[in-house]
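# A look at the structure
Chain by chain, the residues:
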Amino acid sequence: DFNLIDPQTLTVLGLSDGTIPGTDFPNPYLGCELTPLTGFYTALDLDVSLNEIFGIPDTCFLRVTGHVGVGNFCFFQDRGPNRQYLIPGVRYRFGVSGEVLCVLDLSAIAAIAVKVEVPVGNLDSVLSEPANFLGDLSNATATGYGEIEFKAGIGIGPFKIPVSKTLGMTMELSKDDVDVSFDY
């Protein structure tokens, strides 16, 4: 179920509706929707009260929460004759959020996902010779998407005024080219 995969990993795998999930930015990595993936995805995200660590009660006068996470994935994708790929990757998430004096909410959370696409020839060669599973590393490409989301809110209850801004970065790396772009 792709609903269990974080938005950054969905973006680098091309599993979105044409935009980067949660934004209006175009997704440059569409493509995995056309050919299926076989493999695994695991992740763990934790939100930890920093107040509790320092023995301070969590109240609206001061509440600070740390956010951390990591995810790993590895997929095999068959895109047709002699176009099979091994796609390992990783995703990291970290940030902090809090509330001060019961009227100000602040949050800054960053996340990045990176995948590597390694051509492995055809499935028969991989199954007959396990060393071929590593593929053609000289023609591997790396793709990544990262974002930092800033949020703030001032006010109480229904009178709170929210503000948010997301900064995104896409990256593509091959033996011949490096391309980095920013979305804001």
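Scroll up for the structure.
What this report covers is the structure whose coordinates are included nearby.

Attention now moves to the nonpolar core. With 12 residues, the main nonpolar core is built from Ile5, Leu10, Val12, Leu13, Leu15, Leu37, Phe73, Phe75, Tyr85, Ile87, Ala113 and Tyr145. Of all the secondary-structure elements, those providing two or more residues to this core are helix H1 (7-13), strand S2 (62-78) and strand S3 (84-100). No other element matches H1, which puts 3 residues into this core. Setting aside residues up to four positions removed in sequence, tyrosine 85 forms contacts with Phe75, Phe76, Gln77, Arg79, Glu117, Val118, Pro119 and Val120. Of all hydrophobic cores here, the second largest spans 6 residues; its members include Cys74, Leu86, Val118 and Ala140.

A word on the pairing of strand S5 (residues 141-154). With 14 bridges connecting them, strand S4 (residues 104-119) and S5 associate as antiparallel partners. Paired with glutamate 117 across the strands is threonine 141, a residue of S5. What sits between the antiparallel neighbours S5 and strand S6 (residues 161-173) is a turn of 6 residues, in which glycine 155 has the positive phi angle 125°.

A separate point is a negative patch on the surface. A cluster of like negative charges, contributed by Glu172, Asp176, Asp177 and Asp179, occupies part of the molecular surface. With respect to the helices and strands, the residue aspartate 179 is situated in strand S7 (residues 178-183). Taking the relative accessible area as the measure of exposure, aspartate 179 reaches 40% and is therefore partly exposed.

Right, let's get into the pairing of S4. Pairing of S3 with S4, which is carried by 14 bridges, proceeds in the antiparallel orientation. Directly across from glycine 89, in S4, lies its bridge partner lysine 115. Between S3 and S4, which pair antiparallel one after the other, the connecting turn spans 3 residues, and leucine 101 there sits at a positive phi close to 55°.

Cut-offs used in this document
- Residues numbered from 1 in each chain as written.
- Predicted model: local features only at pLDDT ≥ 70, side-chain atom pairs only at ≥ 80, totals over all residues.
- Heavy atoms only, no water.
- Core = buried A, V, L, I, M, F, W, Y, C linked by side-chain atoms within 4.5 Å.
- Buried < 20%, exposed > 50% of the residue type's maximum accessible area, 1.4 Å probe, protein only.
- Helix = DSSP H or I, 4+ residues; strand = E, 2+ residues; numbered from the N terminus.
- Contact = heavy atoms within 4.5 Å.
- Pairing = 2+ DSSP bridges.
- Patch = residues over 30% accessible without salt bridge, like charges linked within 9 Å, V, L, I, M, F, W, Y side chains within 5 Å.
- Areas by Shrake-Rupley, 256 points an atom, 1.4 Å probe, with all protein chains shown as cover.
- Salt bridge = Lys/Arg side-chain N within 4 Å of Asp/Glu carboxyl O.
- Lys, Arg positive; Asp, Glu negative; His and termini not counted.
- Charge placed at Lys NZ, Arg CZ, Asp CG, Glu CD.

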